[in-house]
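The residues making up each chain are set out below.
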Amino acid sequence: MKKLVFLTGAGMSAESGISTFRDSGGLWEKYPVEAVASIEGYNRNPELVQNFYNMRRTELKKVTPNEGHKLVACLEKDYDVTVITQNVDDLHERAGSHHIIHLHGELMKATSSRHPNDPNCIITLPEDNPIIHMGDKAKDGSQLRPFIVWFGESVPMIEPAAKEVEKADILVVIGTSLNVYPAAGLLNFTNSHCKIYLIDPQNVPYNPNLGILHIMKGASEGMKELCEILNPR
Ligand code: APR
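Fair warning: this is a prediction, and the values are worked out from it, not measured in the lab.

1. What about the packing of aromatic side chains?
Overall, the coordinates contain 5 aromatic pairs when judged by the stated rule. Linked through ring pairs, Y31, Y42, F52, Y53 and W150 together constitute an aromatic cluster.

Written out as structure tokens, the structure reads:
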């Protein structure tokens, strides 16, 4: 089976009703990124940050995977598929994908403020009440915090992700502005025979030497076109 790797960003979930970050009307227009998505912001005002993620979890419960997520999962029938996502939502999981690397954490999980990457401290929040309160403690006794990789923090999953990209026969990049590193740098780990597709309705800055085929459509329509290219029947 050929190895097919997806690298997805906020645009993957836009058609499910989750705002992207940098488009007009995006999340970072409404909330200052340094206040709610940086380690400095959390240390300054943890309550504000907890409330922001509590709200996002409540929103996540109301949305469902879109056709794009479903087609990504469907390709597991014919390909050895790995999904590397910058998204913290669980829509790839809910669409049925089995091999998912979350680069920037997972909204439905919580962890220790002292050792955020200690696997012993990471818990899944209850689905019916996925709220973290100030005073809730992680296993090591520190304040429970969202299991999110904030600006200013290391990205431990980048190495396993780069290993997957190195082995890819096909890499498909969907709905990311490729603004944020190290995630955006993953494209440089492709081997010389890897074919790269990009699905995004807008222009995205990428290295023209990579020979990328840009399908200029949204995630659902773009995935339909990609399936026709990959599996012509
Ligand atoms: N289908 C596909 N792509 C879309 C759609 C759609 N329906 N709508 C918008 N897009 C594209 C935009 O054109 C843009 O290129 O999705 C991209 C969204 O870019 P960003 O908002 O910058 O999101 P992303 O690249 O995922 O951000 C990376 O930055 O804020 C941090 O940690 C956060 O994981 C996030 C990281």
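2. Thoughts on the sheet that holds strand β4 (residues 105–112)
Spatially, the 3 strands line up as an open sheet ordered β5-β4-β6, and their pairing is antiparallel. Taken across any chain shown, the strands that pair with only one partner, and hence form the sheet edges, are β5 (123–124) and β6 (144–148). Pairing geometry for β4 and β6, over 4 bridges, is antiparallel. Bridge pairing in β6 links S112 to L144.

3. Focus: the site of the ligand
Neighbouring the ligand are 22 residues; E15, R22, T176, S177 and D200 lie closest to it. In this structure, an oxygen atom belonging to the ligand sits 2.7 Å away from a side-chain N or O atom of R22. H104 is positioned such that a nitrogen or oxygen atom in its side chain is 2.8 Å from an oxygen atom of the ligand. Compared with its free state, where it exposes 750 Å², the ligand has 92% of that area covered by protein. Looking at the shell around the ligand element by element, the count peaks at 3 residues for helix α1 (residues 10–14). Classifying every residue of the shell around the ligand gives 8 nonpolar, 10 polar and 4 charged. No fewer than three residues from each of domain 1 (1–18 + 66–104 + 155–233) and domain 2 (19–62 + 113–148) sit in the shell around the ligand.

Parameters at a glance
Residues numbered from 1 in each chain as written. Predicted model: local features only at pLDDT ≥ 70, side-chain atom pairs only at ≥ 80, totals over all residues. Heavy atoms only, no water. Phe/Tyr/Trp six-rings, centres within 6.5 Å; stacked < 30°, edge-to-face > 60°. Pairing = 2+ DSSP bridges. Helix = DSSP H or I, 4+ residues; strand = E, 2+ residues; numbered from the N terminus. Near = heavy atom within 4 Å. Polar contact = N/O pair within 3.5 Å; in protein donor to acceptor, adjacent residues only side chain to side chain. Areas by Shrake-Rupley, 256 points an atom, 1.4 Å probe, with all protein chains shown as cover. Nonpolar A, V, L, I, M, F, W, Y, C, P; charged D, E, K, R; others polar. Domains from an automatic or database assignment.

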